[in-house]
Amino acid sequence: MMNESVSWQEEMGGVVLTYTASETVEAKLYLEDGEAAACFVLPKAKEERSLLFALDAPVSGTHQLRWTVGEGCQLHGWQFYPSSQVITGQNPLTQMDFPDPDIIRVGDTYFMISTTMYFMPGGVILRSYDLIHWEYCTRIYDILEDTPRQRLEEGNAYGAGMWAATLRYHKGTFYVIFVANDTRKTYLYRAKTIEGPWRRSEIAGFYHDCSLLFDDDDRVYLVYGNKQIHLVELDAALTGPKEGGLQRIIADSGDSDYLGYEGSHLYKINGKYYLFMIHSRKDRWRRVETCLMSDSLTGEFTGGIVMDDDMGRTDAGVAQGAIVDTPDGRWYAILFQDVGAVGRIPVLMPMAWENDRPVLGLDGRIPRTICNLTTRPGYTYQPLWCSDNFTASQLADPWEWNHIPRLDLVTLGGGQLRIRTGKVASCLTQTQNILTQRSLLPACAAEVTLDASSLQAGDAAGLCVLQSCWGWIGLRRDEVGYRLVMQSRQPEDSEAGVERMSLPWASDRAHLRAEMHFSPEADWATFFYWEQDGWKPLG
């Protein structure tokens with residue numbers, strides 16, 4: 001039992017408890033001699049660990065505090081924080097697709113980059129001051145490579161483009177490195193400020209899922225690969241492998257019917273090297289995260305699985321991502337979970353160290369409710385999605401083009417957006433100038449008012465839900481007028497899809513709606529059009 005007299009002028013909303021515990025126990029906080037004011041579950045911790053907890057009911061004023069803890073637990077200290085600094089949230093974080101995250105902290109600001117593949121502008125970087133709420137910060141390029149595939153002229157870049165970037169900050173410069181699976185190149189972008197301008201170059205070779213490490217002696221390395229993880233030392237100019245430099249295989253996941261090691265993230269922390277990787281369990285398909293550690297880059301890397309949890313979504317394991325420290329010295333990991341058609345979503349979990357090894361989650365599990373301290377109390381984040389009346393001269397941050405757009409065929413402003421394609425497309429997925437936003441878990445909807453007066457006979461325009469199995473609703477013009485059409489593609493259909501339903505339409509305008517629903521059992525979309533008596537489903 002521990003006691004302390006306190007007097008708080010400001011409302012307290014959270015507490016960091018520093019403790020050790022041989023088993024998972026409860027810690028209870030009493031104010032004076034009444035009922036327990038708060039109860040916290042402390043996971044097993046062989047070494048001293050600090051965890052932040054949010055108070056259910058904030059407290060202020062003068063109190064006589066009393067702590068009790070379960071058997072086998074020792075409370076080494078506690079620190080209360082004002083409600084304005086304590087931020088809580090729910091996993092998964094963004095509720096939308098930001099896959100393969102890499103995260104760094106520079107001063108009081110966290111930055112996260114994720115895979116953008118064939119969407120333009122690309123290389124999106126988000127910003128946060130609490131690791132829970134995120135907003136758009138910048139994108140590192142408008143166009144990656146002006147190739148026929150990325151222009152949707154000869155095939156496409158679906159499943160290709162920019163993948164799994166590494167983001168680093170070193171001696172006043174930001175660095176981003178990634179490969180594109182269609183061009184088979186490794187790209188390096190660097191900038192003095194996170195907003196850019198970003199300068200592009202290439203690194204000789206192709207380094208799948210690479211991670212960049214600046215060592216203490218100014219030598220620079222990449223780790224990369226699938227199943228076998230390679231280490232390569234780069235030259236000082238970062239143009240390619242250093243002649244005579246260190247090159248070796250540092251990890252091998254061995255034989256498996258499922259995913260081998262990839263998604264590498266390499267760190268040097270307190271003189272030791274840590275290699276984090278995604279892979280599947282070998283007994284069945286389920287993503288897990290492994291960490292291997294070594295005292296040197298020439299030594300043996302040893303370790304094992306550090307996270308194997310699907311958060312109740314059967315075998316949709318959480319893995320691949322980064323670790324980051326907070327200004328007050330605590331640690332977190334952000335990995336992703338594939339939740340179906342909505343995408344791969346970042347998941348936040350506390351992290352600790354025991355015997356110089358990372359311990360992710362709480363007793364091996366990822367908490368649904370998470371909390372952290374903000375470095376900027378009262379900050380208001382811009383949402384990751386938006387409505388738009390198109391009165392501005394530029395598109396808002398959440399918008400991205402599917403492949404390279406023909407901006408000479410796009411007119412924006414004055415309360416409308418006019419899009420032309422410039423070519424006849426064989427199917428929806430080969431159509432140029434599709435403008436997109438990410439969908440939102442667990443459900444979301446989009447509405448648009450469509451003006452089809454400039455369509456030529458045979459043309460169509462509308463609102464789509466874009467996936468390999470897609471659907472759209474819109475107006476198609478023929479020789480006699482307009483038809484309202486709903487078309488979709490199921491796995492058994494050709495790329496052109498199937499027209500599910502159509503009806504004559506007397507106007508050149510239509511108000512359209514798409515609703516999306518995502519669940520572990522199924523992901524589906526439904527389409528509607530507006531008439532005077534309300535929304536009507538189509539298809």
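About the criteria used
- Residues numbered from 1 in each chain as written.
- Predicted model: local features only at pLDDT ≥ 70, side-chain atom pairs only at ≥ 80, totals over all residues.
- Heavy atoms only, no water.
- Core = buried A, V, L, I, M, F, W, Y, C linked by side-chain atoms within 4.5 Å.
- Buried < 20%, exposed > 50% of the residue type's maximum accessible area, 1.4 Å probe, protein only.
- 1 Å grid on protein atoms, 1.4 Å probe; cavity = no way out; pocket = protein on both sides within 12 Å on 5 of 7 lines; lining within 4 Å.
- Points joined across faces, edges and corners; volume = space filled by probe spheres on them.
- Helix = DSSP H or I, 4+ residues; strand = E, 2+ residues; numbered from the N terminus.
- Nonpolar A, V, L, I, M, F, W, Y, C, P; charged D, E, K, R; others polar.
- Pairing = 2+ DSSP bridges.
- Axes fitted to C-alpha atoms, helices over the stretch in contact; angles between N-to-C directions.
- Phe/Tyr/Trp six-rings, centres within 6.5 Å; stacked < 30°, edge-to-face > 60°.
- Lys NZ or Arg CZ within 6 Å of the ring centre and 35° of its normal.
- Contact = heavy atoms within 4.5 Å.
- Salt bridge = Lys/Arg side-chain N within 4 Å of Asp/Glu carboxyl O.
- Polar contact = N/O pair within 3.5 Å; in protein donor to acceptor, adjacent residues only side chain to side chain.

Engineer: Explain the nonpolar core here, please?
Structural biologist: When a protein is soluble and globular, its nonpolar side chains tend to lie buried together. One finds Leu131, Trp134, Ile323, Met349 and Leu360 to be the most contacted residues of the largest nonpolar core, which totals 40 residues. Grouped together as the second largest cluster of nonpolar side chains are 25 residues, Val25, Phe40, Leu42 and Leu51 included.

Engineer: How should I be thinking about empty space enclosed by the protein in this particular structure?
Structural biologist: Empty space among the atoms becomes apparent when a probe as large as a water molecule is rolled across them. Within this structure, the stated rule accounts for 1 cavity of 30 Å³ or more. What lines the largest cavity is simply Asp100, Ala164, Ala165, Asp209, Cys210, Gly263, Ser264, His265 and Gln320. Secondary structure elements with two or more residues in the lining of the largest cavity: strand E12 (162–170) and strand E20 (262–269). Looking at which element gives the most residues to the lining of the largest cavity, the answer is E20, with 3 residues. By residue class, the composition of the lining of the largest cavity is 3 nonpolar, 4 polar and 2 charged.

Engineer: How should I be thinking about the sheet that holds strand E35 (residues 471–478) in this particular structure?
Structural biologist: As a general point, the strands of a sheet are linked pairwise by backbone hydrogen bonds and lie either parallel or antiparallel. Spatial ordering of the open sheet is given by E34-E35-E36-E37, a layout of 4 strands whose pairing is antiparallel. Each having just a single partner strand, strand E34 (460–465) and strand E37 (498–505) make up the two edges of the open sheet. Averaged over all neighbouring strand pairs, the angle between strand axes comes to 20°, with direction disregarded.

Engineer: What is the right way to read the packing of aromatic side chains from this model?
Structural biologist: The way to describe two aromatic rings as a pair is by their centre distance and the angle between their planes. Scanning the entire structure with this criterion turns up 25 aromatic pairs. The interplanar angle of 85° and the centroid separation of 5.8 Å between the aromatic rings of Phe111 and Phe174 together place this pair among those described as edge-to-face. Taken as a pair, Phe111 in strand E8 (residues 109–113) and Phe174 in strand E13 (residues 173–180) lie far apart in primary sequence, 63 residues in all. Under the relative-accessibility criterion, Phe174 is labelled buried at 6%. Centroid distance Tyr118 to Phe119: 4.6 Å. Interplanar angle 40°. Geometry classified as tilted. For the pair shown, Tyr118 and Phe119 are each scored as buried. An aromatic cluster is defined as three or more aromatic residues linked by ring pairs; in this entry it consists of Trp8, Phe40, Phe53, Trp67, Trp78 and Phe80. The ring centre of Tyr30 lies 4.2 Å from the NZ or CZ of Arg66, which sits over that ring. Here the guanidinium or amino end of Arg513 rests over the ring plane of Trp535, the centre of that ring lying 6.0 Å away.

Engineer: Looking at this model, I keep getting lost on the environment of Pro398. Mind explaining?
Structural biologist: Structurally, Pro398 is set in the loop between strand E28 (369–373) and strand E29 (400–402). Between the C-alpha atom of Pro398 and that of Pro383, which follows or precedes it by 15 residues, the distance is 8.4 Å. If we skip the residues at most four places from it in the chain, Pro398 touches Tyr136, Arg139, Pro383, Leu384, Trp385, Cys386, Thr436 and Gln437.

Engineer: Sorry if this is basic, but what is going on with the side chain of Lys272 here?
Structural biologist: Its location among the elements puts Lys272 in strand E21 (residues 272–280). Those residues in contact with Lys272, other than ones at most four positions away along the chain, are Tyr267, Met293, Ser294, Asp295 and Asp356.

Engineer: Quick question: what am I supposed to make of the pattern of salt bridges here?
Structural biologist: Within the structure shown, the criterion is met by 38 salt bridges. Among the salt bridges present, the one from Glu202 reaches Arg200, with a minimum N-O distance of 3.6 Å. Relative accessible area serves as the criterion here: at 37%, Glu202 is assigned to the partly exposed category. Look at Arg200 and you get partly exposed, because its relative accessible area is 34%. When the shortest N-O distance is used, the salt bridge between Asp338 and Arg344 registers 3.3 Å. Residue classification places Asp338 among the partly exposed positions, given a relative accessible area of 22%. On the accessibility criterion, Arg344 (24% relative accessible area) is partly exposed. Taken together, the salt bridges that share partners define one network made up of Arg281, Asp283, Arg284, Arg286, Asp308, Asp310 and Asp315.

Engineer: Would you mind showing me how to read the sheet that holds strand E18 (residues 228–234) here?
Structural biologist: Strand order in this open sheet of 4 strands is E16-E17-E18-E19, and the pairing throughout is antiparallel. With one partner strand each, in any of the chains shown, strand E16 (211–214) and strand E19 (247–252) form the two edges of the open sheet. Direction aside, the axes of adjacent strands within the sheet are offset by 25° on average. Direction of pairing for E18 relative to E19: antiparallel, over a ladder of 5 bridges. Looking at E19, one finds that Leu231 is bridged to Arg248.

Engineer: How should I be thinking about the side chain of Arg330 in this particular structure?
Structural biologist: Inspection of the secondary structure assignment puts Arg330 in the loop between strand E24 (318–325) and strand E25 (331–338). Arg330 sits in the buried class, given a relative accessible area of 6%. Only 2.8 Å separates the side chain of Arg330 from the side chain of Tyr332, close enough to count as a polar contact. With residues near it in sequence (within four places) discarded, Arg330 still touches Val16, Ser50, Leu52, Val324, Asp325, Asn372 and Leu373.

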